[in-house]
Amino acid sequence: MIDKIWSGRSKLYWLLLPFSFLYGAVSGLRRLLFRCGLKKSRRMPVPVVVVGNLTAGGNGKTPVVIWLTEQLLARGYRPGVVSRGYGGKSDHYPLLITKDTTTAQAGDEPVLIARRTGVPVAVAPDRAAAVEAILQHAPVDVIITDDGLQHYALQRDMEIVVIDGERRFGNGWWLPAGPMRERAGRLKQVDAVIVNGGTAQPGETAMQLVPGEAVNLADGTRKPAAEIGECVAMAGIGHPPRFFATLNSLGVTPAQCIAFPDHQSYSPEQLSALIKPGQSLLMTEKDAVKCFAFSATDWWYLPVSAAIPAKSADLILDKVISHIKNA
């Protein structure tokens, strides 16, 4: 139902418009207070690059964070990543991610980023505190924030917005009548706009999520997803249909496609019950990081990576690197 409302296919959003106007007024006032200095924001000693979005739900920003981190590593820089850690609950903050940190403590996305990149990752509701924890732990020269475009308590040197190219801005209204955290006019103030799928408009950078080989959760074995055999697909991400469409593009036709809420927690009994004898379970990498501790031999995940045209990628990276050099 929420997808129909946010896309404009249901007129029920009219009932929610009073709450949306309130949301827009409060968020606009809050930003104004930061801009005027009436609410304090903190400047870090290293450049801060925000990778965020204007809408609620999965847009593909975490793959962009991983892409940017890996690109900087390949060029000899030392990035660190901070996140709110949505979906996790720690007994202390800031929390530095280690190999023993669970998704229940830190959230799924920070653990995924740490596993994929190997860079220092910290989570905290106060992102400035997370940055300080990293700076005390490792000699990083740039901080990338996974989400946090609206977290104005942390000053930033560069802003990158990721847009879902298929859904874009839905009906264009603020939450809860629409998907918007901020209105589309905010794009005029950011440094780069990356469009995940769909068709990029003038001034936007096109991006595609490219799937790799399927990986076995139990032993790390890799093989093409189409060779897994009969399977059940599951996804607990912001927009599960994107994952199922990716499988279809690879020639995988699951016996069943099961969508869970974003950041869903799982139990071994719950997931084992999804498949019949002879079937495999195929999930997203974001789901997999919550399941390694109790994985079965017939469970697989499909990693995806952001692919950005070289010319556009160089323009974005040049901006980031210029901030690092000028710091």
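This one's a predicted model, so the numbers in the text were calculated from it and none came from an experiment.

Undergrad: Explain the packing of aromatic side chains here, please?
TA: Two descriptors summarise a pair of aromatic rings, namely the distance from one centre to the other and the angle between the planes of the rings. Scanning the model with the defined rule gives eight aromatic pairs in all. Ring centres of F21 and W174 lie 6.5 Å apart, and the angle between their planes is 70 degrees; this geometry places the pair in the edge-to-face category. With a gap of 153 residues between them, F21 in helix α2 (residues 13–35) and W174 in the loop between β6 (158–164) and β7 (192–196) connect regions that are remote in the sequence. Residue classification places F21 among the partly exposed positions, given a relative accessible area of 45%. Aromatic pair F292 and Y301: ring centres 5.9 Å apart, planes at 90 degrees, arrangement edge-to-face. Its relative accessible area of 24% is what places F292 among the partly exposed residues. For Y301, a relative accessible area of 9% translates into the label buried. Taken together, the ring pairs in this structure connect F21, W173 and W174 into an aromatic cluster. For R115, the ring lying beneath its charged end belongs to F292, and the centroid distance is 4.1 Å.

Undergrad: Just to check I follow, could you spell out the UniProt feature "binding site: ATP" (unreviewed entry) in the protein for this structure?
TA: This chain's UniProt record puts "binding site: ATP" (unreviewed entry) on T55, A56, G57, G58, N59, G60, K61 and T62. Turning to its location among the elements, K61 is positioned in helix α3 (residues 61–74). Judged by its relative accessible area of 10%, K61 is buried. Excluding residues within four positions of it along the chain, K61 makes contact with V51, G52, N53, E109, D146, D147 and V162. Note that T62 resides in helix α3. Excluding anything up to four places from it in sequence, T62 contacts E109, L112, I113 and D146.

Undergrad: Quick question: what am I supposed to make of a nonpolar patch on the surface here?
TA: On the surface, M1, L12 and L15 cluster together to form a nonpolar patch covering roughly 350 Å² of accessible area. Positionally, L12 belongs in the loop between α1 (2–7) and α2. Here L12 falls in the partly exposed class, since its relative accessible area comes to 39%.

Undergrad: Can you help me understand the packing of α3 against helix α10 (residues 310–326) in this one?
TA: How two helices sit against one another is set out by the angle between their axes and by the gap between those axes. Two numbers describe how α3 lies on α10: the axes approach to 11 Å, and their chain directions differ by 65 degrees. What the angle tells us is that α3 and α10 run roughly perpendicular. When you trace α3 past α10, the crossing you get is right-handed. Residues W67, L68, Q71 and L72 of α3 lie in contact with α10, whose contacting residues are A313, I316, L317, V320, I321 and I324. Along the lines of polarity and charge, the residues of the contact of α3 with α10 split into nine nonpolar, one polar and no charged.

Undergrad: Sorry if this is basic, but what is going on with the sheet that holds strand β8 (residues 205–211) here?
TA: Across a sheet, strands are paired by hydrogen bonds formed along the backbone, either parallel or antiparallel in direction. Spatially, the nine strands line up as an open sheet ordered β3-β4-β2-β5-β1-β6-β7-β8-β15, and their pairing is mixed. At either end of the open sheet lies a strand with only one pairing partner, and these are β3 (95–96) and β15 (304–307). Where β7 lies against β8, three bridges are found, and the strand directions are parallel. Across the sheet, I194 pairs through a bridge with T205, a residue of β8.

Basis of the calculations
Residues numbered from 1 in each chain as written. Predicted model: local features only at pLDDT ≥ 70, side-chain atom pairs only at ≥ 80, totals over all residues. Heavy atoms only, no water. Phe/Tyr/Trp six-rings, centres within 6.5 Å; stacked < 30°, edge-to-face > 60°. Helix = DSSP H or I, 4+ residues; strand = E, 2+ residues; numbered from the N terminus. Buried < 20%, exposed > 50% of the residue type's maximum accessible area, 1.4 Å probe, protein only. Lys NZ or Arg CZ within 6 Å of the ring centre and 35° of its normal. UniProt positions renumbered as here; feature names shortened; annotations may be inferred. Contact = heavy atoms within 4.5 Å. Patch = residues over 30% accessible without salt bridge, like charges linked within 9 Å, V, L, I, M, F, W, Y side chains within 5 Å. Areas by Shrake-Rupley, 256 points an atom, 1.4 Å probe, with all protein chains shown as cover. Salt bridge = Lys/Arg side-chain N within 4 Å of Asp/Glu carboxyl O. Axes fitted to C-alpha atoms, helices over the stretch in contact; angles between N-to-C directions. Parallel < 35°, antiparallel > 145°, perpendicular 65-115°, else oblique. Left-handed = near helix turned anticlockwise from the far one by under 90°. Nonpolar A, V, L, I, M, F, W, Y, C, P; charged D, E, K, R; others polar. Pairing = 2+ DSSP bridges.

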